[in-house]
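What the coordinates show
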Amino acid sequence: MFRLAHLTDPHVGPLARPRLRQLFSKRATGYANWRRGRSRSHDMEVLAALVADMREQAPDHVACTGDLCNIGLPSEWETARVFLEALGAPERVSFVPGNHDAYVRGSLEGLLGTCGPWTADDAGGCGLFPYLRRRGPLALVGLSSAIPTKPFVASGRLGEAQIAAAEALLVGLARETEPPCRVVMIHHPPHPGGAAAGRELKDAQAFTAMIGRAGAELILHGHNHVGSVAYMPGPGAVAVPVVGGPSASARTGGRHADLPGRRAAYYLYDVTQEGGRHHITATSRGLNGSGRIEDLGPLALSDP
């Protein structure tokens, strides 16, 4: 058995006060939102407790699907690196960026310059997408949907070249003598209707069509700050699970955190192989109604 942990959208703080010149951009509205309430919605003590609990479960690998940053300040890049180190060494943790990591032009490049080792592919390249990492029975394919956008917009885009490269990777993996369990990592919900207008993946239809041709065994994402399970068709009408995680730092008592699926949590996937097929079972661990971290029960996934 191979155990994969998935957490997302930690929005690591605290957020240093920006310099005045750094607010002559989308950061001005982002910083105002942080001061008005977002800082109280993301609790670093909750995040630390969640990471400690995750480490006790001894996963073989960790997938983090973006939004380490809040408004893409240079001061946040080192904070993000410290957080990733707390999750594990680069060879044991795979990261893909989110829209807050690419908040303004230059933010994503700065973050990847600091945190590149957690995006390194098996050939040694860093900060290039898609990337491929083989870990046990898994083949992790990391995608970047992170792009800078206008104020009040949080959409993402993969682009034709990245989708085509991902398809080539997934098809090649499926043709191997002993195909691995292909796990796709992306920040934005990759299926049409997966996020509200202005927050969606702009080329979700193209991505869905690609999965229909190439297939995958599991797709992980974040962005919505709510736990969710959806499906998209793979080759031969196989249902590919698409699982979104809640924010790993969402505290109880926040604006939305007491709603089902909104409290801080992470997911554990146990992958086994039998008869040439991979079987995936999943459980959720996170905050209960009393603010303690515990087993929240299984995720209902159809077998790929």
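Shown above is the structure to which this text applies.
Here's what I pulled together on the structure shown here. Because the structure is a prediction, the values reported are computed rather than measured.

This part is about the sheet that holds strand S4 (residues 131-135). Within the open sheet, the six strands sit side by side as S4-S5-S6-S7-S9-S8. Their pairing is mixed. Pairing within the sheet leaves two strands with one partner each, and these edge strands are S4 and strand S8 (228-233). When the angles between neighbouring strand axes are averaged without regard to direction, this sheet yields 25°. In this sheet, strand S5 (residues 138-142) lies alongside S4 in antiparallel orientation, the contact comprising five bridges. Bridge pairing links Arg-134 to Ala-139 in S5.

We now examine the nonpolar core. Judged by nonpolar contacts, the single largest core of 25 residues is most densely connected at Val-183, Leu-220, Val-243 and Tyr-269. Within the residue set of this core, elements represented by two or more residues are strand S1 (2-7), helix H4 (107-115), S5, strand S6 (181-185), strand S7 (218-221), strand S10 (265-274) and strand S11 (277-287). The contacts of Leu-220, once residues within four sequence positions are left out, are Leu-4, His-6, Ala-63, Thr-65, Val-183, Val-184, Met-185, Ile-186, Val-243 and Tyr-269. If you look at the next biggest cluster of nonpolar residues, it comprises 24 residues, including Ala-5, Val-62, Leu-68 and Trp-77.

With that settled, consider the side chain of Ser-145. As for its placement among the helices and strands, Ser-145 is situated in the loop between S5 and helix H5 (160-174). Look at Ser-145 and you get buried, because its relative accessible area is 0%. Setting aside chain neighbours within four positions, we find Ser-145 in contact with Gly-156, Arg-157, Leu-158, Ile-186, His-187, His-188 and Leu-201.

With that settled, consider unusual backbone geometry. It is generally the case that most residues other than glycine have a negative phi and that most peptide bonds are trans. Residue Pro-130 is bonded to the preceding Phe-129 through a cis peptide linkage, with omega at 0°. Phi at Asp-67 is positive, roughly 60°, even though this residue is not glycine. Structurally, the position occupied by Asp-67 is in the loop between strand S2 (61-64) and helix H3 (74-87).

Counting buried residues along S4, four of its five residues qualify, which places the element largely inside the surrounding structure. Count of turn residues in the S4/S5 antiparallel hairpin: two residues, of which Gly-136 carries a positive phi of about 55°.

The rules behind the values
- Residues numbered from 1 in each chain as written.
- Predicted model: local features only at pLDDT ≥ 70, side-chain atom pairs only at ≥ 80, totals over all residues.
- Heavy atoms only, no water.
- Pairing = 2+ DSSP bridges.
- Helix = DSSP H or I, 4+ residues; strand = E, 2+ residues; numbered from the N terminus.
- Axes fitted to C-alpha atoms, helices over the stretch in contact; angles between N-to-C directions.
- Core = buried A, V, L, I, M, F, W, Y, C linked by side-chain atoms within 4.5 Å.
- Buried < 20%, exposed > 50% of the residue type's maximum accessible area, 1.4 Å probe, protein only.
- Contact = heavy atoms within 4.5 Å.

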